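Results of the structural survey
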Amino acid sequence: VIATLDAEAIQSQIDMLETSMANADALEKNQNKLNQHALEQAKTDQQNQLAAASQAISDAQYSYDSAVNEVNSLTSQINSLTGQMNAAQDEEQKAFLSEEISVLKEQLAGAQEAVSSAGQAVTEAKNNYNSVKSSTDEAIYSAQNAVDMQQYSATDNTDVRTQLEQLYDQLDDCTIISQTS
């Protein structure tokens, strides 16, 4: 070795670029992990929200079916009592049956309103399910897009690697060696 030139500035640049590259790689891995987590969370959220919306549909449908059964039962009772009233000979018996039929008709009116309300609840629950499906599909799409785009936005260290190679060459040039034959 004939002479060694001051390589401190070059070594400092090399160290800085290597640290910068390592940091960029770590940030990219972390961002990829975050994007993947967001995608999995969006899928889980969709499952949970759709399960709740589906349960709401089932509950509303049960209420609707119960209300329809009540209407059918009251209608059957009214028809039966009406038949009995028409067949009755006793005026007192007819008056009693007529009173019973009036009470049942009032109950029937309330039950029919319950059917209408329950039918609306079923429709609203189904609309809510569709809304939840749409919004959670969009969340999944966005999260999947972030994961997919990560590969295109991945840090390209080609320029940094080229700079490092040039700096290593300059570092090697700082040492002057005599050639002996």
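Within every chain, residues take consecutive numbers counted from 1 along the sequence as written. Reporting in this predicted model follows two pLDDT cut-offs: at least 70 for local features of residues, and 80 or more for side-chain atom pairs to be given and counted; totals over whole chains, interfaces and linings ignore these cut-offs and use all residues. With hydrogens and water excluded, all non-hydrogen atoms of the structure serve as input to the side-chain values.

1. With respect to the overall build of the protein chain
What counts as a helix is a DSSP run of H or I of at least four residues, what counts as a strand is a run of E of at least two, and both are numbered from the N terminus. Helix and strand content of the protein chain: 3 helices and 2 strands. Going residue by residue from the N terminus, the α and β elements of the protein chain occur as β-α-α-α-β. Here the radius of gyration uses the C-alpha set of atoms, whereas the globule reference equals 2.2 Å times the residue count to the power 0.38. Relative to the 2.2 N^0.38 estimate, which gives 16 Å for 181 residues, the radius of gyration of the protein chain is 40 Å and therefore markedly larger than a compact globule would have. The classification of residues rests on relative accessible area computed with a 1.4 Å probe and restricted to protein chains. Under 20% of the type maximum is buried, over 50% is exposed, and intermediate values are partly exposed. Within the protein chain, buried positions represent 23% of all 181 residues. Whether two residues are in contact is decided by their heavy atoms, any of which lying within 4.5 Å being enough. For the protein chain, restricting intrachain contacts to residue pairs at least 6 apart in sequence, the fraction spanning at least 24 positions comes to 89%. Reported accessibility uses the Shrake-Rupley method at a 1.4 Å probe radius. Residues are deemed covered only where the shown protein chains occlude them. Here the protein chain has roughly 12600 Å² of accessible surface; of this, 48% comes from carbon and sulfur atoms. Only four residue types enter the tally: Lys and Arg on the positive side, Asp and Glu on the negative side; His and the chain ends are excluded. Throughout, a charge is located at the NZ atom of Lys, the CZ atom of Arg, the CG atom of Asp or the CD atom of Glu. One way to put it: in the protein chain the 8 positive side-chain charges average out to a point 10 Å from where the 28 negative ones average out.

2. Topic: the nonpolar core
Nonpolar cores were defined as sets of buried Ala, Val, Leu, Ile, Met, Phe, Trp, Tyr and Cys residues, with membership established by side-chain atoms within 4.5 Å. Core analysis: the largest hydrophobic core is formed by 11 residues, namely Ala67, Val71, Leu74, Ile78, Leu81, Leu97, Ile101, Leu104, Leu108, Ala111 and Val115. The leading source of residues in this core is helix H2 (residues 91-150), at 6 residues. Each residue touching Ile101, except ones within four places of it in the same chain, is listed here: Ile78, Leu81, Thr82 and Met85.

3. Brief notes about helix H3 (residues 158-173)
Multiplying 1.5 Å by the residue count of a helix minus one yields the expected span of that helix. End to end, H3 covers 23 Å across 16 residues, agreeing with the expected 22 Å (1.5 Å per residue, within 8%). Every buried residue belonging to H3 is among Val160, Leu164, Leu167 and Leu171, and all of these are buried. Burial along H3 is one-sided: seen end-on, the buried residues are contained in an arc of 65°. Turned more than 90 degrees from where H3 packs its buried face, Asp159, Glu165, Asp172 and Asp173 sit exposed. Of the surrounding elements, those touching the buried residues of H3 are helix H1 (8-87) and strand E2 (175-176). By definition, the arc is the one covered by directions from the helix axis to the C-beta atoms.

4. Observations concerning a negative patch on the surface
What makes a patch is a set of residues exposed beyond 30% relative accessible area and free of salt bridges, joined within 9 Å when like-charged and within 5 Å when nonpolar (Val, Leu, Ile, Met, Phe, Trp, Tyr). A side-chain nitrogen of Lys or Arg and a carboxyl oxygen of Asp or Glu constitute a salt bridge if their distance falls within 4 Å. Side chains of Glu165, Asp169, Asp172 and Asp173 sit close together on the surface and give a patch of like negative charge. Tracing the sequence through the fold places Asp172 in helix H3.

5. Here's the deal with the packing of H1 against H3
Simply put, an axis is a line fit to the C-alpha atoms, just over the touching stretch for a helix, and the angle between two N-to-C directions goes from 0 to 180 degrees. Orientation of H1 relative to H3, taken along the N-to-C sense of each, is 155°, at an axis distance of 10 Å. The angle between H1 and H3 falls in the class roughly antiparallel. The two elements H1 and H3 cross, and the hand of that crossing is left-handed. Each of Ile10, Gln11, Gln13, Ile14, Leu17, Glu18 and Met21 in H1 lies in contact with H3, whose residues at this interface are Val160, Arg161, Gln163, Leu164, Leu167, Tyr168, Gln170 and Leu171. Asp, Glu, Lys and Arg are counted as charged, while Ala, Val, Leu, Ile, Met, Phe, Trp, Tyr, Cys and Pro are counted as nonpolar; the rest, among them Gly, fall into the polar class. By residue class, the composition of the contact of H1 with H3 is 9 nonpolar, 4 polar and 2 charged. Any angle that falls under 35 degrees is termed roughly parallel, while one over 145 is termed roughly antiparallel, one within 65 to 115 roughly perpendicular, and all others oblique. Handedness of a helix crossing follows the sense of rotation of the near helix relative to the far helix, less than a right angle counterclockwise being left-handed and clockwise being right-handed.

6. Let's talk about the side chain of Gln46
Here Gln46 lies in helix H1. Residue Gln46 is classed as buried on the basis of its relative accessible area, which comes to 12%. Apart from the residues lying within four places of it in its own chain, the contact partners of Gln46 are Lys133, Thr136, Asp137 and Ile140.

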